[in-house]
Amino acid sequence: METAEIRRRFVAHFERHAHTVVPSASLLLDDPNLLFVNAGMVPFKPYFLGQETAPYDRAVSVQKCVRTLDIEEVGKTTRHGTFFQMCGNFSFGDYFKEGAIRFAWELITGSVADGGLGFDPEKIWVTVLPSDTEAKELWRSIAGLPDERIQERGLKDNYWNMGVPGPGGPCSEIYIDRGPEYGPDGGPNADEDRFLEIWNLVFMQESLSAVRAKDDFDVEGPLPAQNIDTGMGLERVAYLLQGKQNMYEIDEVFPVIQRASELTGRSYGANEQDDVRFRVVADHVRSALMLIGDGVTPGNEGRGYVLRRLLRRAVRSMRLLGFEDRALPELLPVSMSKMKVSYPELESDFERISRVAYAEEDAFRKTLAAGTQIFDQAAEEVRSSGSTTLAGAKAFALHDTYGFPIDLTLEMASEAGLQVDESGFRALMTEQRERAKADARAKKGQHADTGVYRGILDAHGPTEWLAYETLETESRALAVLRSGERASALAEGEVGELVLDRTPFYAESGGQAADAGVIEFDGGKLEVLDVQRPVRGLVVHQVRVLEGELDPARALHAKVDAEWRTGARQAHSGTHVVHAALRQVLGPTALQAGSYNRPGYLRLDFGWTQGLTPGQLHDIEHVSNEALRADLPVGWQYMTLAEAKEWGAIALFGETYDDTKVRVVEIGGPWSRELCGGTHVEHSSQIGTLVVTGESSVGSGNRRIEAFTGLEGFAYLARERDVVGQLTGLLKAQPDDLVGRVSELVDRLKAAEKEVEKARLAQILAAAGELAAGAQDVDGVAVVAHRVDGAGGGDVRTLAMDIRSRLGAGRPAVVVVIGVADGKVSVVAATNEAARERGLSANGLVRAVGPLLGGKGGGKDDVAQGGGTDTSRVDEALGVVAADVARTVSGA
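Just so we're clear, the structure is a prediction, and the values are computed from it rather than from any experiment. (Residues numbered from 1 in each chain as written. Predicted model: local features only at pLDDT ≥ 70, side-chain atom pairs only at ≥ 80, totals over all residues. Heavy atoms only, no water.)

Student: Help me understand the nonpolar core, please; the structure alone is not making it clear to me.
Tutor: In a soluble, globular protein the nonpolar side chains are often hidden away together inside. One finds Trp-139, Ile-174 and Trp-199 to be the most contacted residues of the largest nonpolar core, which totals 112 residues. Each residue touching Trp-199, except ones within four places of it in the same chain, is listed here: Phe-10, Phe-14, Asn-89, Ala-104, Leu-107, Ile-108, Ser-172, Glu-173, Ile-174, Thr-230, Gly-231 and Met-232. Among the nonpolar cores identified, the runner-up in size contains 27 residues, and Leu-612, Ala-627, Val-681 and Ile-687 belong to it. (Core = buried A, V, L, I, M, F, W, Y, C linked by side-chain atoms within 4.5 Å. Buried < 20%, exposed > 50% of the residue type's maximum accessible area, 1.4 Å probe, protein only. Contact = heavy atoms within 4.5 Å.)

This is the structure:
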């Protein structure tokens, strides 16, 4: 049975039992505590935590998941995969243990002809918590399982909680006996390779007040409503039903291994080392496909780093299998052709997905070419020194200079029989890397306990939000908070939070900054600093008391700064215009990956692997301003998510949308249609102007455009005009001639600098004859040791070689020239053949003076060079030269 068919049967089974089918959420669900969605229940967390009311009593989903802790284990076991799909059914205060067990048993043992999965009931074992006698009895009565196939396990295995105070409860796991060839008999307690877990049924029935560990927590009491959360591993069920040995051999994954085998000429199953590499390739290619499909682009931080690591491990595994050509163009389409059955959007978006992946492979191939050679040299130096540990500084240099991720260095070191000083590497990374600013939303309370906000919402209901309709409301305070806790009042000068029954203020979302404004009352005024939605339905204002004392009983007048809102509307609509212009100029795959807009300013991030040309930027700006001049109507309407997608509206990666109602904003009809909750102008001409000010990289595969709108756009152009006016006055030229005149001046300046450099070098070399003529005789060897101030490495080498040639070949000659420039020291030593015959070495001379100069160097016997940082000991170093020559020729 193919994986997609198992998936279909799971959903259909629960749909027949009145479950609402919920599409998979994006892997980038907006949860500050998760890098990726890693379990099927994650999108339903707000319902289980009581932060939001579930819009349905029963739900079923097949959720895309990624787990990153097991990347090193991928390919080595049968069960570790980076990307996987979790089938789940959920009950929110509806059915409980009896329903969950009955639904699961009917599906897994139901006949294939009737839509079931067809597992042999005699092969099924389950586990329960010892104290959960109810679940044990239900397994007996519903499934007819004998006691010996209902095993008890403790809290670590059969109790679920989220690791924090909140819901918890016992769980019951379902196992399939794979047969004696996989291990000893005795059920899951005896062997979990033979007895493979496929499904976990979680019975949420208790409220936990403290959680210290998985098996150490305090139970506050029963939950007000009992819930069900289950998870069935789709890949595990697939390889059982397909008669395969592991998840890498199922129909959605194995074709990549087959193609990799064809490309490399190696057979899967021939040896374990190659098999692990084949599995890594198959897992990582599929995982990368799904991550890029959901909007991740390669980078050096967070999600982008995980993707980069997956792609690079896949490419390197192919190289270790003997394939050194571009691998991803051969493998990614194979994975897409299998996964598109369940996720058709992968095919329609494959041009963008493949462009991102292939660009990353091309960049990594360059990295490998340079970095591998450096690593091999470093590894050889470590072995030569008798050590087995690669220094943290060397690992850091590989990362910083050659782009080698530390995990790649660790892998290569392990293969070479070496260790890496990881702590030293991490220390250097900490010193070098600027701490990224915390996500703005996290700073505004996203990580905070939302219980106090939930309590306000439960007590008073949702805020009447009027930002689309008005800029002013008469309001009353529902709650005043200080430092996240209820307060009776706020004194003048204090900063706190205020919840109103109704508000005209726009809360930050969708990239649009929150409104500014004031809230007034009799004898006082509040400045609104920020507006957020910590829980759905509740709008919270961060305020500073400018005058008076805020008493919750006072009548309040909330007033948005009209100028601020006008600028914000212009910028947000401008963002949509730029996005549409991007797609018109670059093509439909140039999709927005993030945005930020505030009054008069916008920035838009989009997936693209190359910098834009000046011509492309000009075209984007031109198309944008044509749209403004056309005075396109701007409108919005509500519809279901399915209707919006059918209408062609663009949904942004990582955003969460309500299935039943979304807001679609359109500019000029189909020219721009996006799902958006922001505030907008009514006609495109109201944006005023749109001035593109820059384009830059914000990580591999991601670019950023910045622009000004409205009055800020005109102000920017005015500043540019003033600069042009000043230049025309200084250069006595017309504006159209400025570029030519400036270019001419630059050329003349470069030519003058070359002449100055030529004269300086001639001055340095002019001394060569005099220095050669004044060479010191040391035991028959002509020695010149000279200091040159203002000379760098190239000049020093040129002078040293000139002096050596002037000394001739008749007698032994040694030249050491030390240059000092910009606080750095450069040293070059040169010897002629006669000097080398007497045992003198340029390499030896550089090594002799190097420590005095605070550096080192080396080279050959005829010419060597080095450098240092201690300019105070140059003369002392020059004095060492004659002594070293005398010691060498005398044999002392």
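Student: Can you help me understand the environment of Leu-526 in this one?
Tutor: Within the secondary structure, Leu-526 sits in strand β18 (residues 524-532). Judged by its relative accessible area of 0%, Leu-526 falls in the buried class. Distance in space between the C-alpha atoms of Leu-526 and Leu-717 is 36 Å, their sequence separation being 191 residues. For Leu-526, the contacting residues outside a window of four places in its chain are Leu-498, Gly-517, Val-518, Ile-519, Phe-521, Val-543, Arg-544, Val-545, Leu-546 and Leu-550. (Helix = DSSP H or I, 4+ residues; strand = E, 2+ residues; numbered from the N terminus.)

Student: What is the right way to look at the confidence of the model for the protein in this model?
Tutor: Caution applies to low-pLDDT parts of the model: their predicted coordinates are not meant to be read in detail. With 95% of its residues at a pLDDT of 70 or more, the protein has an overall mean of 89. The low-confidence segment residues 433-448, where pLDDT is below 50, has 14 contacts with residues more than four positions distant or belonging to other chains. (pLDDT = per-residue confidence, 0-100.)

Student: Quick question: what am I supposed to make of the sheet that holds strand β23 (residues 634-639) here?
Tutor: The strands making up a sheet associate through hydrogen bonds between their backbones, and the pairing can be parallel or antiparallel. Strand order across the open sheet formed by three strands is β23-β24-β25, with antiparallel pairing between neighbours. The open sheet terminates on both sides in strands that have one partner only, identified here as β23 and β25 (672-675). On average, each strand axis in the sheet is inclined to that of its neighbour by 25 degrees, with strand direction left out of account. Where strand β24 (residues 662-667) and β25 come together, four bridges link them in antiparallel fashion. Each residue of the ladder has a partner; that of Val-665, found in β25, is Glu-674. (Pairing = 2+ DSSP bridges. Axes fitted to C-alpha atoms, helices over the stretch in contact; angles between N-to-C directions.)

Student: How do you make sense of the pairing of strand β22 (residues 601-607) when you look at a structure like this?
Tutor: Regular strands place their side chains on alternate faces of the sheet. In terms of burial, β22 is a largely internal element, six of the seven residues being buried. Where strand β21 (residues 592-598) meets β22, six bridges bridge the pair, whose relative direction is antiparallel. Across the sheet, Arg-598 pairs through a bridge with Tyr-601, a residue of β22. Here β21 folds back onto β22, and the loop between the two strands holds two residues, one of which, Gly-600, carries a positive phi near 85 degrees. Inspection of the sheet shows β22 paired to strand β27 (residues 702-709) by seven bridges, in the antiparallel sense. Looking at the pairing, Asp-605 lines up with Arg-704 of β27.

Student: I keep staring at the sheet that holds β27 and nothing clicks. Help me out?
Tutor: What the four strands build is an open sheet, ordered β21-β22-β27-β26; its pairing is antiparallel. Only two strands of the sheet have a single partner each, and these edge strands are β21 and β26 (690-697). With strand direction ignored, the average angle separating the axes of adjacent strands in the sheet is 15 degrees. Set on the sheet, helix α19 (residues 614-629) makes contact with β26 and β27; between it and β26 the angle comes to about 145 degrees.

Student: I would appreciate a short explanation of the packing of helix α21 (residues 710-731) against helix α22 (residues 738-773) in the present structure.
Tutor: The description of two packed helices rests on the angle between their axes and on the distance between the axes. Where α21 contacts α22, the axes come no closer than 11 Å and their chain directions differ by 60 degrees. Taken together, α21 and α22 sit at an angle that is classed as oblique. Of the two elements, α21 crosses α22, and the hand of that crossing is left-handed. Touching Val-724, Leu-727, Thr-728 and Leu-731 of α21 are Leu-738, Arg-741, Val-742 and Leu-745, all from α22. (Parallel < 35°, antiparallel > 145°, perpendicular 65-115°, else oblique. Left-handed = near helix turned anticlockwise from the far one by under 90°.)

Student: I tried to follow the packing of aromatic side chains on my own but got confused; where do I start?
Tutor: As enumerated under the stated definition, the model contains 23 aromatic pairs in all. Seen in terms of ring centroids, Tyr-268 and Phe-278 are 6.1 Å apart; in terms of plane orientation they differ by 80 degrees. Their pairing is edge-to-face. Residue Tyr-268 is located in the loop between α7 (254-264) and α8 (272-293), and its partner Phe-278 is located in helix α8; the two are separated by 10 residues in the primary sequence. Of the residues examined, Phe-278 reaches a relative accessible area of 0% and is grouped as buried. Connected via pairs of aromatic rings, a cluster forms that spans Phe-44, Tyr-47, Phe-48, Tyr-56, Phe-90 and Phe-92. Geometry around Tyr-182 places Arg-178 over its ring, the cationic atom sitting 3.9 Å from the centre. Positioned above the aromatic ring of Trp-647, the side-chain terminus of Arg-673 is 3.8 Å from the ring centre. (Phe/Tyr/Trp six-rings, centres within 6.5 Å; stacked < 30°, edge-to-face > 60°. Lys NZ or Arg CZ within 6 Å of the ring centre and 35° of its normal.)

Student: Just checking my understanding: could you explain α8 for this structure?
Tutor: It helps to recall that an α-helix has 3.6 residues per turn; residues three or four apart then point in one direction. If you check α8, its first and last C-alpha atoms are 31 Å apart, about what 22 residues at 1.5 Å a residue would give, namely 32 Å. In terms of burial, α8 is a largely internal element, 20 of the 22 residues being buried. Residue Asn-271 occupies the N-cap position of α8, its side-chain oxygen lying 3.2 Å from the main-chain nitrogen of Gln-273. (Expected span 1.5 Å × (residues − 1). Polar contact = N/O pair within 3.5 Å; in protein donor to acceptor, adjacent residues only side chain to side chain.)

Student: Whenever I open this one, the side chain of Thr-709 confuses me. Can you help?
Tutor: Position of Thr-709 relative to the elements: it lies in strand β27. A relative accessible area of 0% places Thr-709 in the buried class. In contact with Thr-709, not counting residues within four places along its chain, are Gln-570, Ala-571, Gly-600, Tyr-601, Leu-602, Ile-687, Thr-689 and Leu-690.

Student: What's the story with the side chain of Glu-497 in this structure? I'm lost.
Tutor: Tracing the backbone through its elements, the reader meets Glu-497 in strand β15 (residues 495-500). No salt bridge is formed by the buried Glu-497, whose closest oppositely charged neighbour, Arg-486, lies at an N-O distance of 10 Å. Separated by 2.8 Å, the side chains of Glu-497 and Tyr-453 make a polar contact. Non-local contacts of Glu-497, meaning those with residues more than four positions away in its chain, are made with Tyr-453, Ala-479, Val-480, Leu-481, Val-540, His-541 and Gln-542. (Lys, Arg positive; Asp, Glu negative; His and termini not counted. Salt bridge = Lys/Arg side-chain N within 4 Å of Asp/Glu carboxyl O.)

Student: What is the right way to look at the pairing of strand β20 (residues 555-560) in this model?
Tutor: Two elements, strand β13 (residues 472-482) and β20, share five bridges in a ladder whose sense is antiparallel. Bridge pairing in β20 links Arg-476 to Ala-555. As judged from the four bridges shared by strand β17 (residues 517-521) and β20, these two strands associate in the antiparallel manner. In the sheet register, Glu-520 faces β20, and the bridge partner there is His-557.

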